Amino acid sequence: TQLLEQSPQFLSIQEGENLTVYCNSSSVFSSLQWYRQEPGEGPVLLVTVVTGGEVKKLKRLTFQFGDARKDSSLHITAAQPGDTGLYLCALRNFNKFYFGSGTKLNVKP
Amino acid sequence: ETGVTQSPTHLIKTRGQQVTLRCSSQSGHNTVSWYQQALGQGPQFIFQYYREEENGRGNFPPRFSGLQFPNYSSELNVNALELDDSALYLCASSPIFNTEAFFGQGTRLTVV
């Protein structure tokens, strides 16, 4: 059983469309991170969310942490081909780190 | 400031053999973590090292072992390789108490 469940697994959209991907857990966590991983590369941190209800924006990306701190979402506005990649959510529990299985996003020009 | 570098980038081994993967941490980072990423999956935490001691371990058997050196570089050793060990192995470094992890580009291991 995965500690973090991500949905959808795959998403293929046209340039200019909006999209939302989700990260859910049955457990409450103190903070959560979102990473993006491009083929042949390691994941790169996008954002860390800490407070329930928190919303953070990174250009066209909007990250939200659920009020109960058990879920998070990533919304991309006007997606571009450069947004293509694997989006991973991750949490740290003491000295262990857990990643979701990711959402593979393909933005077609 | 240099980033996290891993070597080799690709490796092919035979079932039953042993392998050593290497990681050079980002300057100023004293914590290193290793992950296994199977095709189409998210990274799975193997273990973390801090000041040359193992400081957290995921659900991996003892044939996965590691070392961290005084210069904070690190090795991942896998004995008695199995076909299911085929994966991308990622190393990440971070300053302790900082939750951000900086990843290397990974080593792609294929076991045949």
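Residues numbered from 1 in each chain as written. Chains lettered and ligands numbered in written order. Predicted model: local features only at pLDDT ≥ 70, side-chain atom pairs only at ≥ 80, totals over all residues. Heavy atoms only, no water.

**Regarding the state of the cysteines**
Point 1. A full pass over the atoms with the stated rule returns 2 disulfides over all chains.
Point 2. The side chain of Cys23 of chain A participates in a disulfide bridge whose partner is Cys89 of chain A; the two sulfur atoms lie 2.0 Å from each other. Residues Cys23 of chain A and Cys89 of chain A share a disulfide whose torsion about the S-S bond is about 75°; that sign makes it right-handed. Of the two residues, Cys23 of chain A is situated in strand β3 (residues 19-24) and Cys89 of chain A in strand β9 (residues 85-93); the sequence distance between them amounts to 66 residues.
Point 3. Look at Cys23 of chain A and you get buried, because its relative accessible area is 0%.
Point 4. Linked covalently through their sulfurs, Cys23 of chain B and Cys91 of chain B form a disulfide whose S-S length is 1.8 Å. Here the S-S torsion is close to -60°, and the disulfide linking Cys23 of chain B with Cys91 of chain B is therefore left-handed. In this pair, Cys23 of chain B is assigned in strand β3 (residues 19-24) and Cys91 of chain B in strand β9 (residues 87-94), connecting sequence segments 68 residues apart. (Disulfide = S-S within 2.5 Å. Helix = DSSP H or I, 4+ residues; strand = E, 2+ residues; numbered from the N terminus. Buried < 20%, exposed > 50% of the residue type's maximum accessible area, 1.4 Å probe, protein only.)

**A few points about the nonpolar core**
Point 1. In terms of nonpolar packing, the biggest core is built from 22 residues, with Leu32, Trp34, Phe63, Leu74 and Ile76 of chain A touching the most fellow members.
Point 2. If you list the elements that add at least two residues to this core, you get β3, β4 (32-37), β5 (44-49), β7 (61-65), β8 (71-76), β9 and β11 (103-108) of chain A.
Point 3. Excluding anything up to four places from it in sequence, Ile76 of chain A contacts Glu17, Asn18, Leu19, Arg60, Leu61, Asp83, Tyr87 and Leu105 of chain A.
Point 4. Among the nonpolar cores identified, the runner-up in size contains 20 residues, and Tyr49, Leu81, Cys91 and Leu109 of chain B belong to it. (Core = buried A, V, L, I, M, F, W, Y, C linked by side-chain atoms within 4.5 Å. Contact = heavy atoms within 4.5 Å.)

**Considerations on the pattern of salt bridges**
Pairs may arise between side chains of opposite charge once their charged atoms sit close together.
Residues and elements named next belong to chain B.
Point 1. As enumerated under the stated definition, the model contains 7 salt bridges over all chains in all.
Point 2. Between Arg63 and Glu82 there is a salt bridge, with its nearest N and O atoms 3.3 Å apart. Here Arg63, found in the loop between β6 (53-57) and β7 (64-68), pairs with Glu82, found in the loop between β8 (74-78) and β9; they are 19 residues apart in sequence, far enough to count as distant.
Point 3. A relative accessible area of 17% places Arg63 in the buried class. (Salt bridge = Lys/Arg side-chain N within 4 Å of Asp/Glu carboxyl O.)

**Observations regarding the sheet that holds β7 of chain B**
Residue and element names in this part refer to chain B.
Point 1. Pairing is antiparallel in the open sheet, where 4 strands are placed in the order β1-β3-β8-β7. Single-partner strands in this sheet number two, and they are β1 (5-7) and β7. Averaged over neighbouring strand pairs, the angle between their axes works out to 20° when direction is ignored.
Point 2. With 5 bridges connecting them, β3 and β8 associate as antiparallel partners. Paired with Cys23 across the two strands is Ser74, which belongs to β8. (Pairing = 2+ DSSP bridges. Axes fitted to C-alpha atoms, helices over the stretch in contact; angles between N-to-C directions.)

**Regarding the interface of chain A and chain B**
Point 1. Taken together, the 19 residues of chain A in the interface contact 23 residues of chain B.
Point 2. For the chain A and chain B pair, buried surface summed over both sides reaches about 1,600 Å², with 49% attributable to carbon and sulfur atoms.
Point 3. Broken down by class, the residue content of the side of chain A that touches chain B amounts to 7 nonpolar, 9 polar and 3 charged. (Buried area = accessible area lost by both parts, 1.4 Å probe. Nonpolar A, V, L, I, M, F, W, Y, C, P; charged D, E, K, R; others polar.)

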